[in-house]
Amino acid sequence: MSQLPLRAQLASALGRTAATLSRATGRGDGSVIGGRVGLMLEPDLLRKLASDRKLALVSATNGKTTTTRLIASALMELGEVATNAFGANMPAGHVSALSGAKHAPFAVLEVDEKYLPEVLDTTNAGIVTLMNLSRDQMDRAAEIWLLAQKWRRAFAGKPAHVIANCDDPLVTWGASTAARVTWVSGGQRWREDSWCCPECGGPLDRGGSREMGQQGSVHWACRECTFHRPEPDWILDGEDVIDPHGRRWRLDLQLPGEANRSNAAIALATVDAFGLDPARAIPRLRTVASVAGRYTTVERDGRAMRLLLAKNPAGWLEAFEVSDPRLPIILSINAQGPDGRDTSWLWDVDYRILRGRPVFVTGERRLDLALRLDVAGIPFQLCDSFDQAVATLPLGRIDVIANYTAFQQIRTEFGRAV
Ligand SMILES: [Zn+2]
């Protein structure tokens, strides 16, 4: 790639120094502070760092970090890849990721869904990958509809090739102004935010999936206008992905659950746009066993705990699907900044699936979750701390579901080695 202008080089180098200092003083991985310093010195740094690379942006409410990781892992088959592996998904994190791999010809950036228009505009990315849109803590249907509308404006008139999940009506609507779209049938697990047509507000009819034998993928169409599900180019079909040539590929991922198979299907369609065939990409996808601590099993005092992250109602559904119903489960809830301070979104989750399992509730906002479970009629045990919950449990395997900062606290207890 071509040489950065001197000012951008300096900003990039100082940003990296700040990141190193931040790590050295124990203030996290440094990717955000480093990027902030760089952007302060050179506001145009992200544009400069992104130019001359083949770049994909990845956005969604859920699965961004995992899908970014899957795409980056597959692309390593083609060469060096710059990526924000730590989930720092706003422009400062992007600057840091790109400065850290200045000569990588490929880049994959996870982008916060609200920042997508700005980052697309700045980086002029050639590929944008979109999986799902649903309420995130206090967001409600009207807010995510506005977000999809901003995506539409951002894509209109740009050359970006969008890879989008056509089983999510709102994502389909958000993507459909793009110059070119590859549609992937990746399924939709959370439907509470897409009963209405985003185009006209009419009711969406759904059906037809079971007869086609396609797990999770569902045809949908508006009853009152012409808006309907586009014909998919790629299809997730149970354990397999069917590519646009009709070839069937067995995924065999280490990552568990249907949500991750959907992420993998979208990743395959994305790397195909880079010219990478599934035959070369799939073995790379299979090497991914955990992503930023998610799905990792950690050991303590004879207990093997698998860590699952659930930041919003759709995320809880995905975690429940992966969780083993025979095992005891620890649920940990905080309400710090990144979690959303208001925990009323817990009322959107149907916890009745936990009935019959030993349930342990902890975290700073354990009483909020306790009330929710009590109303749902789920017996549970309240624990003052994660350690107390672990000590109360019998030896053996345990599932842990935590929201964002609760998850990070548990990870930190285990030295973030996971
Ligand atoms: Zn309609």
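Here the structure is a predicted model, which is why all the values come from computation and not from measurement. (Residues numbered from 1 in each chain as written. Predicted model: local features only at pLDDT ≥ 70, side-chain atom pairs only at ≥ 80, totals over all residues. Heavy atoms only, no water.)

A. Seen up close, the overall build of the protein chain. Along the protein chain, the regular secondary structure elements total 15 helices and 17 strands. Taken over the C-alpha trace, the protein chain has a radius of gyration of 21 Å; the compact-globule value for 418 residues is 22 Å, and the two agree within 12%. By principal-axis analysis of the C-alpha atoms, the protein chain measures approximately 60 × 60 × 40 Å. For the protein chain, the exposed surface amounts to about 17,300 Å²; the carbon and sulfur share of it is 52%. Separation of charge centres in the protein chain, based on 49 positive and 48 negative side chains, amounts to 4 Å. (Helix = DSSP H or I, 4+ residues; strand = E, 2+ residues; numbered from the N terminus. Rg over C-alpha atoms; globule rule 2.2 N^0.38 Å. Areas by Shrake-Rupley, 256 points an atom, 1.4 Å probe, with all protein chains shown as cover. Lys, Arg positive; Asp, Glu negative; His and termini not counted. Charge placed at Lys NZ, Arg CZ, Asp CG, Glu CD.)

B. Representation of the packing of aromatic side chains within the structure. Tallied over the full model, the rule gives six aromatic pairs. With a centroid separation of 5.5 Å and an interplanar angle of 15°, the aromatic rings of Trp145 and Trp173 are classed as stacked. In this pair, Trp145 is assigned in helix H7 (residues 141–155) and Trp173 in helix H8 (residues 169–175), connecting sequence segments 28 residues apart. Overall, Trp145 belongs to the partly exposed group, its relative accessible area being 32%. (Phe/Tyr/Trp six-rings, centres within 6.5 Å; stacked < 30°, edge-to-face > 60°. Buried < 20%, exposed > 50% of the residue type's maximum accessible area, 1.4 Å probe, protein only.)

C. Structural view of the UniProt feature "active site" (unreviewed entry) in the protein chain. This chain's UniProt record puts "active site" (unreviewed entry) on Asp342. Residue classification places Asp342 among the partly exposed residues on the basis of a relative accessible area of 36%. (UniProt positions renumbered as here; feature names shortened; annotations may be inferred.)

D. Local environment of the UniProt feature "binding site: Zn(2+)" (unreviewed entry) in the protein chain. Per the UniProt record, "binding site: Zn(2+)" (unreviewed entry) is found at Cys197, Cys200, Cys222 and Cys225. The greatest C-alpha distance among the annotated residues, which extend across 29 residues, is 8.5 Å, indicating that they converge on a single site. Summarising the element assignment, Cys222 is placed in strand E8 (residues 219–222). Since its relative accessible area comes to 9%, Cys222 is described here as buried. Setting aside residues no more than four positions away along its own chain, Cys222 makes contact with Cys197, Cys200, Gly202, Pro203, Leu204 and Phe227. Assignment of secondary structure puts Cys225 in the loop between E8 and strand E9 (234–237). Among all residues touching Cys225, those that are not within four sequence positions of it are Cys197, Glu199 and Cys200. (Contact = heavy atoms within 4.5 Å.)

E. Inspection of the coordination of the zinc ion at higher detail. Looking at the zinc ion, the protein donor atoms are Cys197 (SG), Cys200 (SG), Cys222 (SG) and Cys225 (SG), and they sit 2.2 to 2.3 Å from it. Taken together, the four donor atoms coordinating the zinc ion span angles of 99 to 115° at the metal, a pattern that classifies the geometry as tetrahedral. Sequence spacing among the residues donating to the zinc ion works out to C-x2-C-x21-C-x2-C. Look at Cys225 and you get partly exposed, because its relative accessible area is 26%. (Donors = N, O, S within 2.8 Å, 3.2 Å for Na, K, Ca; no water. Tetrahedral: all angles 85-135°; square planar, octahedral: opposite > 155°, others 65-115°.)

F. Structural context of the environment of Tyr295. As for its position among the elements, Tyr295 is in the loop between helix H11 (278–285) and strand E12 (297–300). As for Tyr295 and Asn260, which are separated by 35 residues in sequence, their C-alpha atoms are 11 Å apart. Apart from residues lying up to four places away in sequence, Tyr295 is in contact with Thr66, Leu255, Pro256, Asn260, Ala289, Arg306, Leu307 and Leu308.

G. Structural detail: the pattern of salt bridges. If you walk through the whole model with that rule in mind, you get 26 salt bridges. Linking Arg357 and Asp399 is a salt bridge whose minimum nitrogen-to-oxygen distance equals 3.8 Å. Of the two residues, Arg357 is situated in the loop between strand E14 (329–332) and strand E15 (359–362) and Asp399 in strand E17 (residues 396–402); the sequence distance between them amounts to 42 residues. The pair formed by Arg357 and Asp399 is uniform in burial state, with each residue classed as buried. Within the structure, one salt-bridge network assembled from shared partners comprises Asp237, Asp240, Arg248 and Arg250. (Salt bridge = Lys/Arg side-chain N within 4 Å of Asp/Glu carboxyl O.)

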